[in-house]
Amino acid sequence: MGNLLKVLTCTDLEQEPNFFLDFENAQPTDAEREVWEQVDVVLKDAKGILDELQAYKGAGQEIREAIQNPSDEALQEQAWACVVPLVGRLKKFYQFSQRLEAALHSLLGALTSETYDDPTQHLEREQALAKQFAEILHFTLRFDELKMTNPAIQNDFSYYRRTLSRMRINNVPADGENEVNNELANRISLFYADATPMLKALSDGTTKFVSENKNLPIENTTDCLSTMASVCKVMLETPEYRSRFASEETVSFCLRVMVGVIILYDYVHPVGAFAKSSKIDMKGCIKVLKDQPPNSVEGLLNALRYTTKHLNDESTNKTIKSMLQ
(Lines give C-alpha, C1' and ligand atoms only; values in the text may rest on other atoms or scores of the structure.)
Protein backbone atom coordinates (compact mmCIF):
# COMPACT_ATOMS: atom_id res chain seq x y z
CA MET A 1 0.00 0.00 0.00
CA GLY A 2 3.03 2.25 0.29
CA ASN A 3 3.30 5.34 2.44
CA LEU A 4 0.01 6.85 1.35
CA LEU A 5 -2.87 5.18 3.11
CA LYS A 6 -6.15 6.72 2.09
CA VAL A 7 -8.66 7.47 4.79
CA LEU A 8 -11.72 5.26 4.51
CA THR A 9 -14.11 7.91 5.79
CA CYS A 10 -14.51 11.26 4.05
CA THR A 11 -14.31 14.52 5.95
CA ASP A 12 -16.88 17.29 5.71
CA LEU A 13 -14.44 19.94 4.55
CA GLU A 14 -14.04 20.01 0.79
CA GLN A 15 -10.43 21.07 0.91
CA GLU A 16 -9.31 18.60 3.57
CA PRO A 17 -6.52 16.45 2.10
CA ASN A 18 -7.01 12.74 2.71
CA PHE A 19 -3.62 11.09 2.90
CA PHE A 20 -1.10 9.89 5.44
CA LEU A 21 2.18 11.81 5.43
CA ASP A 22 4.81 9.43 6.73
CA PHE A 23 6.83 11.66 9.08
CA GLU A 24 8.63 8.62 10.48
CA ASN A 25 9.86 6.73 7.40
CA ALA A 26 9.64 8.87 4.24
CA GLN A 27 12.70 8.41 2.01
CA PRO A 28 13.73 10.69 -0.90
CA THR A 29 12.96 9.69 -4.47
CA ASP A 30 15.55 10.40 -7.18
CA ALA A 31 13.67 13.59 -8.08
CA GLU A 32 13.84 14.85 -4.47
CA ARG A 33 17.40 13.79 -3.72
CA GLU A 34 19.34 16.92 -4.68
CA VAL A 35 17.29 19.28 -2.49
CA TRP A 36 16.94 16.62 0.22
CA GLU A 37 20.73 16.23 0.51
CA GLN A 38 21.28 20.01 0.76
CA VAL A 39 18.73 20.29 3.57
CA ASP A 40 19.90 17.11 5.29
CA VAL A 41 23.33 18.68 5.93
CA VAL A 42 21.60 21.46 7.91
CA LEU A 43 19.16 19.19 9.75
CA LYS A 44 22.00 16.91 10.89
CA ASP A 45 23.29 19.85 12.99
CA ALA A 46 19.87 20.74 14.41
CA LYS A 47 19.86 18.19 17.24
CA GLY A 48 23.29 19.35 18.42
CA ILE A 49 22.05 22.96 18.47
CA LEU A 50 19.06 21.97 20.64
CA ASP A 51 21.32 19.96 22.97
CA GLU A 52 23.67 22.93 23.37
CA LEU A 53 20.78 25.31 24.01
CA GLN A 54 19.23 22.96 26.55
CA ALA A 55 22.58 22.74 28.38
CA TYR A 56 23.10 26.54 28.31
CA LYS A 57 23.51 27.66 31.92
CA GLY A 58 24.78 31.21 31.47
CA ALA A 59 27.21 33.26 33.55
CA GLY A 60 24.66 34.81 35.91
CA GLN A 61 26.65 34.38 39.11
CA GLU A 62 29.95 35.65 37.66
CA ILE A 63 28.18 38.67 36.12
CA ARG A 64 26.41 39.51 39.41
CA GLU A 65 29.69 39.37 41.35
CA ALA A 66 31.45 41.54 38.76
CA ILE A 67 28.66 44.16 38.84
CA GLN A 68 28.51 44.21 42.66
CA ASN A 69 32.30 44.62 42.91
CA PRO A 70 33.21 46.99 40.05
CA SER A 71 36.71 47.73 41.39
CA ASP A 72 37.71 44.07 41.74
CA GLU A 73 39.66 43.41 38.54
CA ALA A 74 39.89 39.67 39.16
CA LEU A 75 36.08 39.37 39.25
CA GLN A 76 35.77 41.50 36.08
CA GLU A 77 38.22 39.24 34.27
CA GLN A 78 36.50 36.10 35.54
CA ALA A 79 33.07 37.28 34.31
CA TRP A 80 34.52 38.25 30.92
CA ALA A 81 36.31 34.90 30.60
CA CYS A 82 32.99 33.12 31.29
CA VAL A 83 30.90 35.25 28.93
CA VAL A 84 33.14 35.22 25.83
CA PRO A 85 32.77 31.46 25.04
CA LEU A 86 29.02 31.69 25.78
CA VAL A 87 28.71 34.51 23.25
CA GLY A 88 30.54 32.25 20.78
CA ARG A 89 27.75 29.73 21.29
CA LEU A 90 25.03 32.37 20.86
CA LYS A 91 26.73 33.45 17.62
CA LYS A 92 26.66 29.81 16.45
CA PHE A 93 22.89 29.60 17.13
CA TYR A 94 22.31 32.85 15.22
CA GLN A 95 24.36 31.64 12.25
CA PHE A 96 22.42 28.38 12.27
CA SER A 97 19.18 30.40 11.90
CA GLN A 98 20.59 31.77 8.62
CA ARG A 99 21.44 28.27 7.39
CA LEU A 100 17.94 27.12 8.36
CA GLU A 101 16.38 29.98 6.42
CA ALA A 102 18.39 29.00 3.32
CA ALA A 103 17.26 25.37 3.72
CA LEU A 104 13.65 26.54 4.00
CA HIS A 105 14.02 28.48 0.73
CA SER A 106 15.25 25.32 -1.03
CA LEU A 107 12.30 23.30 0.28
CA LEU A 108 9.72 25.97 -0.57
CA GLY A 109 11.21 26.21 -4.06
CA ALA A 110 10.64 22.47 -4.56
CA LEU A 111 7.25 22.19 -2.82
CA THR A 112 5.69 25.20 -4.57
CA SER A 113 7.06 24.59 -8.09
CA GLU A 114 4.86 23.94 -11.09
CA THR A 115 5.92 20.26 -11.19
CA TYR A 116 2.53 19.20 -9.81
CA ASP A 117 -0.89 20.78 -10.15
CA ASP A 118 -1.60 21.39 -6.46
CA PRO A 119 0.04 21.32 -3.01
CA THR A 120 -1.62 18.04 -2.06
CA GLN A 121 0.15 16.31 -4.97
CA HIS A 122 3.44 17.90 -3.92
CA LEU A 123 3.12 16.71 -0.33
CA GLU A 124 1.89 13.24 -1.36
CA ARG A 125 4.62 12.66 -3.93
CA GLU A 126 7.48 14.53 -2.23
CA GLN A 127 7.05 13.10 1.23
CA ALA A 128 10.74 13.20 2.12
CA LEU A 129 10.87 16.96 1.42
CA ALA A 130 7.60 17.48 3.32
CA LYS A 131 9.15 15.57 6.23
CA GLN A 132 12.23 17.84 6.16
CA PHE A 133 9.99 20.93 6.09
CA ALA A 134 8.19 19.50 9.12
CA GLU A 135 11.53 18.82 10.87
CA ILE A 136 12.57 22.47 10.37
CA LEU A 137 9.29 23.65 11.94
CA HIS A 138 9.60 21.17 14.81
CA PHE A 139 13.17 22.34 15.50
CA THR A 140 12.10 26.00 15.31
CA LEU A 141 9.32 25.74 17.88
CA ARG A 142 11.48 23.60 20.18
CA PHE A 143 14.37 26.09 19.95
CA ASP A 144 12.08 29.01 20.79
CA GLU A 145 10.46 27.15 23.71
CA LEU A 146 13.93 26.59 25.21
CA LYS A 147 15.03 30.18 24.53
CA MET A 148 11.91 31.67 26.16
CA THR A 149 12.58 29.83 29.41
CA ASN A 150 16.25 30.86 29.58
CA PRO A 151 16.73 34.54 30.54
CA ALA A 152 20.49 33.96 30.84
CA ILE A 153 20.81 34.23 27.04
CA GLN A 154 19.87 37.91 26.84
CA ASN A 155 21.54 38.76 30.17
CA ASP A 156 24.85 37.26 29.02
CA PHE A 157 24.73 39.03 25.67
CA SER A 158 23.78 42.39 27.20
CA TYR A 159 26.68 42.12 29.64
CA TYR A 160 29.04 41.24 26.78
CA ARG A 161 27.98 44.30 24.78
CA ARG A 162 28.18 46.69 27.75
CA THR A 163 31.61 45.41 28.73
CA LEU A 164 32.89 45.54 25.15
CA SER A 165 31.68 49.13 24.84
CA ARG A 166 33.39 50.10 28.11
CA MET A 167 36.65 48.44 27.04
CA ARG A 168 36.58 50.31 23.73
CA ILE A 169 36.04 53.65 25.50
CA ASN A 170 38.97 52.90 27.83
CA ASN A 171 41.17 51.61 24.97
CA VAL A 172 41.46 48.22 26.64
CA PRO A 173 42.17 45.39 24.14
CA ALA A 174 39.17 43.04 24.06
CA ASP A 175 40.07 39.51 23.01
CA GLY A 176 36.37 38.63 22.76
CA GLU A 177 35.79 41.19 20.00
CA ASN A 178 37.33 38.74 17.53
CA GLU A 179 34.40 36.46 18.39
CA VAL A 180 31.64 39.01 17.69
CA ASN A 181 32.42 42.48 16.32
CA ASN A 182 30.09 45.43 16.83
CA GLU A 183 28.11 45.08 13.59
CA LEU A 184 27.48 41.35 14.13
CA ALA A 185 26.64 42.04 17.81
CA ASN A 186 23.86 44.42 16.66
CA ARG A 187 22.35 41.74 14.41
CA ILE A 188 22.62 39.02 17.08
CA SER A 189 21.11 41.35 19.69
CA LEU A 190 18.09 41.98 17.44
CA PHE A 191 17.74 38.24 16.88
CA TYR A 192 17.59 37.39 20.60
CA ALA A 193 15.43 40.42 21.45
CA ASP A 194 12.53 38.63 19.77
CA ALA A 195 10.52 36.30 22.02
CA THR A 196 10.62 33.60 19.32
CA PRO A 197 13.75 34.37 17.27
CA MET A 198 13.89 31.21 15.17
CA LEU A 199 10.22 31.50 14.21
CA LYS A 200 10.73 35.14 13.25
CA ALA A 201 13.70 34.11 11.07
CA LEU A 202 11.51 31.51 9.30
CA SER A 203 8.54 33.91 8.97
CA ASP A 204 10.81 36.60 7.49
CA GLY A 205 12.42 33.95 5.28
CA THR A 206 9.04 32.74 3.97
CA THR A 207 7.91 36.32 3.30
CA LYS A 208 11.22 36.96 1.52
CA PHE A 209 10.77 33.78 -0.56
CA VAL A 210 7.36 35.04 -1.75
CA SER A 211 8.65 38.55 -2.58
CA GLU A 212 11.71 37.19 -4.44
CA ASN A 213 9.62 34.78 -6.54
CA LYS A 214 7.17 37.21 -8.11
CA ASN A 215 6.56 34.83 -11.03
CA LEU A 216 5.19 32.28 -8.56
CA PRO A 217 1.61 32.91 -7.41
CA ILE A 218 1.51 33.57 -3.65
CA GLU A 219 -1.19 30.86 -3.45
CA ASN A 220 1.45 28.24 -4.29
CA THR A 221 3.15 29.06 -0.97
CA THR A 222 0.08 29.69 1.18
CA ASP A 223 -1.69 26.60 -0.17
CA CYS A 224 1.38 24.49 0.61
CA LEU A 225 1.28 25.78 4.21
CA SER A 226 -2.49 25.36 4.66
CA THR A 227 -2.36 21.84 3.18
CA MET A 228 0.42 20.86 5.60
CA ALA A 229 -1.65 22.19 8.52
CA SER A 230 -4.68 20.20 7.34
CA VAL A 231 -2.63 17.02 6.87
CA CYS A 232 -1.33 17.27 10.44
CA LYS A 233 -4.80 17.97 11.84
CA VAL A 234 -6.38 15.05 9.95
CA MET A 235 -3.64 12.65 11.04
CA LEU A 236 -4.01 13.71 14.68
CA GLU A 237 -7.80 13.47 14.81
CA THR A 238 -8.23 10.29 12.74
CA PRO A 239 -7.73 7.15 14.87
CA GLU A 240 -6.73 5.07 11.83
CA TYR A 241 -3.90 7.46 11.07
CA ARG A 242 -2.83 8.08 14.62
CA SER A 243 -2.58 4.34 15.23
CA ARG A 244 0.04 4.14 12.46
CA PHE A 245 2.53 6.29 14.41
CA ALA A 246 5.21 3.94 15.69
CA SER A 247 6.23 6.45 18.38
CA GLU A 248 4.14 8.62 20.70
CA GLU A 249 6.70 11.39 20.03
CA THR A 250 5.29 11.65 16.50
CA VAL A 251 2.10 13.09 18.05
CA SER A 252 3.98 16.02 19.62
CA PHE A 253 6.01 16.37 16.39
CA CYS A 254 2.75 16.63 14.38
CA LEU A 255 1.29 19.18 16.82
CA ARG A 256 4.37 21.40 16.61
CA VAL A 257 4.43 21.22 12.81
CA MET A 258 0.72 22.10 12.60
CA VAL A 259 1.24 25.18 14.77
CA GLY A 260 4.40 26.16 12.89
CA VAL A 261 2.72 26.16 9.47
CA ILE A 262 -0.29 28.06 10.85
CA ILE A 263 2.06 30.82 12.07
CA LEU A 264 3.95 30.95 8.76
CA TYR A 265 0.64 31.07 6.85
CA ASP A 266 -0.56 33.87 9.11
CA TYR A 267 2.55 35.92 8.28
CA VAL A 268 2.58 35.29 4.54
CA HIS A 269 -1.12 35.32 3.63
CA PRO A 270 -2.45 38.87 3.10
CA VAL A 271 -5.36 38.37 5.53
CA GLY A 272 -3.82 35.64 7.68
CA ALA A 273 -4.87 32.30 9.13
CA PHE A 274 -7.81 33.49 11.24
CA ALA A 275 -9.90 35.21 8.55
CA LYS A 276 -13.08 33.61 7.22
CA SER A 277 -11.40 33.14 3.82
CA SER A 278 -8.46 31.24 5.37
CA LYS A 279 -7.93 27.75 3.99
CA ILE A 280 -6.97 26.51 7.46
CA ASP A 281 -9.68 25.08 9.71
CA MET A 282 -8.56 27.06 12.75
CA LYS A 283 -11.37 25.84 15.01
CA GLY A 284 -10.49 22.25 14.14
CA CYS A 285 -6.76 22.83 14.72
CA ILE A 286 -7.33 24.50 18.11
CA LYS A 287 -9.70 21.69 19.11
CA VAL A 288 -7.02 19.10 18.25
CA LEU A 289 -4.57 21.01 20.49
CA LYS A 290 -7.07 21.27 23.34
CA ASP A 291 -7.80 17.53 23.13
CA GLN A 292 -4.19 16.80 24.21
CA PRO A 293 -2.97 16.73 27.83
CA PRO A 294 -2.87 20.47 28.79
CA ASN A 295 0.72 20.54 30.04
CA SER A 296 1.96 19.17 26.70
CA VAL A 297 0.42 21.89 24.48
CA GLU A 298 0.36 25.10 26.56
CA GLY A 299 3.52 26.33 24.79
CA LEU A 300 1.93 25.71 21.39
CA LEU A 301 -1.31 27.47 22.35
CA ASN A 302 0.81 30.39 23.57
CA ALA A 303 2.62 30.42 20.23
CA LEU A 304 -0.76 30.90 18.50
CA ARG A 305 -1.81 33.53 21.07
CA TYR A 306 1.34 35.62 21.06
CA THR A 307 3.40 35.01 17.90
CA THR A 308 0.76 35.20 15.18
CA LYS A 309 0.15 38.42 13.26
CA HIS A 310 -3.62 38.49 12.67
CA LEU A 311 -5.28 36.89 15.72
CA ASN A 312 -6.42 40.24 17.11
CA ASP A 313 -7.71 41.58 13.79
CA GLU A 314 -11.33 42.75 13.71
CA SER A 315 -12.09 40.07 11.13
CA THR A 316 -11.09 37.19 13.42
CA ASN A 317 -14.05 35.03 14.40
CA LYS A 318 -15.02 35.63 18.05
CA THR A 319 -15.29 31.87 18.66
CA ILE A 320 -11.65 31.41 17.62
CA LYS A 321 -10.57 34.26 19.93
CA SER A 322 -12.47 32.77 22.85
CA MET A 323 -11.02 29.29 22.17
CA LEU A 324 -7.54 30.77 22.59
CA GLN A 325 -8.29 32.80 25.73
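Described below are features of the structure shown in this document. Just so we're clear, the structure is a prediction, and the values are computed from it rather than from any experiment.

This paragraph deals with the nonpolar core. Ranked by size, the top nonpolar core spans 103 residues in total, and within it F23 and F133 carry the most contacts. Of the residues forming this core, the biggest block, 17 residues, is contributed by helix α3 (residues 73–111). Residues contacting F133, with those up to four places away along its chain left out, are L104, L107, L108, L111, L225, M228, V261 and L264.

This part covers the environment of K214. Within the secondary structure, K214 is located in the loop between α8 (197–212) and α9 (218–237). Among the polar contacts made by the side chain of K214, one reaches the main-chain carbonyl oxygen of S211 at a distance of 2.9 Å.

To continue, consider the environment of T29. Here T29 shows up in the segment before α1 (33–54). Residues T29 and R125 lie 96 residues apart in sequence; the distance between their C-alpha atoms is 8.9 Å.

On to the state of the cysteines. Any covalent bond linking the sulfur atoms of two cysteines counts as a disulfide. Scanning the entire structure with this criterion turns up zero disulfides. Counting only cysteine sulfurs, C232 is the nearest neighbor of C224, a cysteine outside any disulfide, at a range of 11 Å. With relative accessibility at 1%, the residue C224 sits in the buried group. C254 forms no disulfide, and the closest cysteine sulfur to it belongs to C232, at a distance of 4.4 Å.

Take the packing of helix α11 (residues 249–268) against helix α12 (residues 282–290) next. Two numbers describe a pair of packed helices, the interaxial angle and the distance between the axes. Where α11 contacts α12, the two axes come as close as 11 Å, and the packing angle between them is 150°. Handedness of the crossing formed by α11 with α12: left-handed. Here α11 contributes L255, M258, V259 and I262 to the contact with α12, which in turn contributes M282, C285, V288 and L289. Broken down by class, the residue content of the contact of α11 with α12 amounts to eight nonpolar, no polar and no charged.

In this section: helix α6 (residues 152–169). Taking 1.5 Å of rise per residue, 18 residues should cover 26 Å, and α6 covers 26 Å from first to last C-alpha, within 8% of that figure. Along α6, the residues classified as buried are A152, I153, D156, F157, Y159, Y160, T163, L164 and M167. Mapping the buried residues of α6 onto a view down its axis gives an arc of 160°, with all of them on the same face. Looking at the packing, one finds that the buried side of α6 touches α1, α2 (60–68), α3, α5 (127–148) and α7 (182–193).

What follows covers the environment of N312. On the secondary structure map, N312 appears in the loop between α13 (294–306) and α14 (318–323). Exposure remark for N312: the relative accessible area of 62% places this residue in the exposed category. Distance in space between the C-alpha atoms of N312 and F274 is 9.1 Å, their sequence separation being 38 residues.

Scoring rules and cut-offs
- The numbering scheme is per chain: residues are counted from 1 as the chain's sequence reads.
- Under the rules for a predicted model, residues below a pLDDT of 70 receive no local features and side-chain atom pairs below 80 are neither given nor counted, while totals for whole chains, interfaces and linings still include all residues.
- Side-chain metrics rest on all non-hydrogen atoms present in the structure, leaving aside hydrogens and water.
- Nine residue types can take part in a nonpolar core, namely buried Ala, Val, Leu, Ile, Met, Phe, Trp, Tyr and Cys, and a core is a set of them joined through side-chain atoms within 4.5 Å.
- Only protein chains enter the calculation, and the probe is 1.4 Å; a residue is then buried if its accessible area is under 20% of its type maximum, exposed if over 50%, and partly exposed in between.
- Strands are runs of DSSP state E lasting at least two residues, helices are runs of H or I lasting at least four, and both sets are numbered from the N terminus onward.
- We call two residues contacting when some pair of their heavy atoms lies within 4.5 Å.
- Definition of a polar contact: a pair of N or O atoms within 3.5 Å, with one able to donate and the other able to accept a hydrogen when the atoms are protein atoms, and with sequence-neighbouring residues admitted only if both atoms are side-chain atoms.
- Criterion for a disulfide: a pair of cysteine sulfur atoms within 2.5 Å.
- Helix axes are fitted only over the stretch in contact, all axes being lines through C-alpha atoms; the angle between N-to-C directions runs from 0 to 180 degrees.
- The crossing is said to be left-handed when, going from far helix to near helix, the turn is anticlockwise and less than a right angle, and right-handed when the turn is clockwise.
- Charged residues are taken to be Asp, Glu, Lys and Arg, nonpolar residues to be Ala, Val, Leu, Ile, Met, Phe, Trp, Tyr, Cys and Pro, and polar residues to be all remaining types, Gly included.
- In a helix, the anticipated span is given by 1.5 Å times the number of residues less one.
- Regarding the arc, it is the one traced by the directions from the helix axis to the C-beta atoms.

By themselves, these figures tell us nothing about what the structure is for.
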